[in-house]
Amino acid sequence: MENKNYHEDLSHIRSMMEKSSRFISLSGLSGVFAGLTALVGAAYVFWLFKKNRINYFDGKEIVFTKELIQQVFFTGIIVLIVAIFCGYFFTAKKSKKAGLKIWDKTTKRLLVNFAIPLFAGTLFCLALLYHGLFIFILPTTLIFYGLALVNASKYTLTDVQYLGYMEIGLGLISLFFLGWGFLFWIIGFGVLHIVYGLVMHKKYQ
Amino acid sequence: MISQLNKDFESRVRLGIMSVLMVNDWVDFNEMKNLLEVTDGNLASHSSALEKAEFIEIKKEFVGKKPKTSYRVTNSGRKAFEEHLSALEKLIKK
């Protein structure tokens, strides 16, 4: 009888520890560099626009050639790869410094919870692309990315949650200003990442 | 053998508080409450008991106009909890 109680105590302790442990090695610098990468990518896209004699800021509807869409798409992919690599690099560095394993249960849980909304968002965007609804794609990426952050924040630093709310808000606002999605995207993925990265870097260093 | 079990950790809530703090830095009141699924009063009384035993530190600060309470485990708390865990383990292996 007594023995059973101790078993329960131990499993309670274990579950509390597992439920509450978070991935704390997330580096603020990851955010800063992801943001910088996004800004460089955006600058390149502006350059592409200019080369194709498109002036984004005159507010006219942009007619995309197939070639331009491909170029913008590849820029996006490269930005994504560089951002992920930077994220991994600085986080791994911080992990190592703190003597923590980078790949454990908390990391796995964090990534899974981050990936679920992101995966749904990717399919959603592919559907938009398929139907030729390009104008909705950028706001959608912001909203789903924000949802992914909010969802993952339970398993890492809570500040991530607020970044998520801001991305969602930004995405929703940009739905009402269609055609300016690119500007909102620059704010969301570039500026917010840099600002938040710096705040987190200062706070947790 | 039983004597090695720490009386201060007898309740589930206290075990929970200690477990959470073992794997975290500062944890605030609301987060702790949600994790342990207890009432405000329950958490407050158990956490102040742990503070009296000097197993945890309680920090009260103001965020804007709202008071915010956070908890952190002390070194002696960490040690006491680890000893309590090994005592539990031994009891079970018996």
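It should be noted that the structure appears before, not after, this text.
The paragraphs below set out a description of the structure included in this document. (Residues numbered from 1 in each chain as written. Chains lettered and ligands numbered in written order. Predicted model: local features only at pLDDT ≥ 70, side-chain atom pairs only at ≥ 80, totals over all residues. Heavy atoms only, no water.)

Along the backbone of chain B there are four helices and three strands. Going from the N terminus to the C terminus, chain B shows its helices and strands as α-β-α-α-β-β-α. Taking all 94 residues of chain B together, the buried fraction comes to 41%. Accessible surface, chain B as shown: approximately 5,500 Å² in total, 49% of it carbon and sulfur. (Helix = DSSP H or I, 4+ residues; strand = E, 2+ residues; numbered from the N terminus. Buried < 20%, exposed > 50% of the residue type's maximum accessible area, 1.4 Å probe, protein only. Areas by Shrake-Rupley, 256 points an atom, 1.4 Å probe, with all protein chains shown as cover.)

Next up on the list: the interface of chain B and chain A. With 20 residues of chain B at the contact, the number on the chain A side is 15 residues. When chain B packs against chain A, the two sides together hide about 1,700 Å² of surface, and 66% of this comes from carbon and sulfur. Counting the surface chain B buries against chain A, the share from its top three residues, R12(B), L35(B) and I92(B), is 35%. Across the contact surface, chain B and chain A share two salt bridges. Of the charged contacts in the structure, one is a salt bridge between E8(A) and R12(B), with a shortest N-O distance of 3.7 Å. Our count for the chain B to chain A interface comes out at two residue pairs in polar contact (both at pLDDT 80 or more). (Contact = heavy atoms within 4.5 Å. Buried area = accessible area lost by both parts, 1.4 Å probe. Salt bridge = Lys/Arg side-chain N within 4 Å of Asp/Glu carboxyl O. Polar contact = N/O pair within 3.5 Å; in protein donor to acceptor, adjacent residues only side chain to side chain.)

All names here are of chain A. Relative orientation of the contacting elements helix α4 (residues 105-130) and helix α5 (residues 137-152) amounts to 165 degrees, with a least axis distance of 8 Å. Of the possible angle classes, the one that applies to α4 and α5 is roughly antiparallel. Along this stretch, α4 crosses α5, giving a crossing that reads as right-handed. Between α4 and α5, the residues in contact are L110, N113, F114, P117, L118, A120, G121, F124, C125, L128 and L129 and I137, T140, T141, F144, Y145, L147, A148, L149, N151 and A152, respectively. Counted by class, the contact of α4 with α5 contains 16 nonpolar, five polar and no charged residues. (Axes fitted to C-alpha atoms, helices over the stretch in contact; angles between N-to-C directions. Parallel < 35°, antiparallel > 145°, perpendicular 65-115°, else oblique. Left-handed = near helix turned anticlockwise from the far one by under 90°. Nonpolar A, V, L, I, M, F, W, Y, C, P; charged D, E, K, R; others polar.)

Residues and elements named next belong to chain B. When you line up the elements, A44 lands in helix α3 (residues 40-52). Look at A44 and you get partly exposed, because its relative accessible area is 35%. Residues A44 and K90, spaced 46 residues apart in sequence, show a C-alpha to C-alpha distance of 31 Å.

One key point about sheets: their strands pair by backbone hydrogen bonds, in either a parallel or an antiparallel sense. Residues and elements named next belong to chain B. Reading across from one edge, β1-β3-β2 is the order of the three strands in this open sheet, with antiparallel pairing throughout. Strands with a single pairing partner mark the edges of an open sheet, and in this sheet they are β1 (27-28) and β2 (56-63). As judged from the eight bridges shared by β2 and strand β3 (residues 66-73), these two strands associate in the antiparallel manner. Bridged to E61 within β3 is K68. Helix-sheet contacts for α3 involve β2 and β3, and the interaxial angle to β2 is about 125 degrees. (Pairing = 2+ DSSP bridges.)

To continue, consider the nonpolar core. M32(B), L36(B) and F81(B) are the most contacted members of the largest nonpolar core, which has 32 residues in total. If we skip the residues at most four places from it in the chain, L36(B) touches M16(A), V13(B), G16(B), I17(B), V20(B) and L43(B). Counting 14 residues, the second largest nonpolar core, distinct from the first, contains L142(A), Y145(A), L157(A) and M200(A). (Core = buried A, V, L, I, M, F, W, Y, C linked by side-chain atoms within 4.5 Å.)

This brings us to the packing of aromatic side chains. Residues and elements named next belong to chain A. Tallied over the full model, the rule gives 16 aromatic pairs over all chains. Ring centres 6.3 Å apart and planes at 65 degrees place the aromatic pair Y162 and Y165 in the edge-to-face group. Taken together, the positions of Y162 and Y165, both in helix α6 (residues 159-175) and three residues apart, correspond to about one turn of that helix. Classification of Y165 by relative accessible area gives partly exposed; the value is 43%. (Phe/Tyr/Trp six-rings, centres within 6.5 Å; stacked < 30°, edge-to-face > 60°.)

Residue and element names in this part refer to chain B. Of note, the phi angle at E37 is positive, near 55 degrees, even though the residue is not glycine. Within the fold, E37 resides in the loop between α2 (29-36) and α3. The backbone of E54 sits at a positive phi, close to 60 degrees, despite the residue not being glycine. Note that E54 resides in the loop between α3 and β2. Residue classification places E54 among the exposed residues on the basis of a relative accessible area of 56%.

All names here are of chain B. Between its terminal C-alpha atoms α3 stretches 18 Å, which fits the 18 Å expected from 13 residues at 1.5 Å a residue. Among all positions in α3, only L43, H46, S47 and L50 are buried. Buried residues of α3 fall within an arc of 100 degrees about the axis and therefore sit on the same side. Buried residues in α3 make contact with α1 (12-22), α2, β2 and β3. (Expected span 1.5 Å × (residues − 1). Arc of directions from axis to C-beta.)

Further remarks concern the environment of H201(A). All names here are of chain A. Assignment of secondary structure puts H201 in helix α7 (residues 181-204). Residues H201 and Y155, 46 residues apart in the sequence, show an inter-C-alpha distance of 18 Å. In contact with H201, not counting residues within four places along its chain, are G28 and L29.

Purely geometric stuff here, so don't read any function into it on its own.
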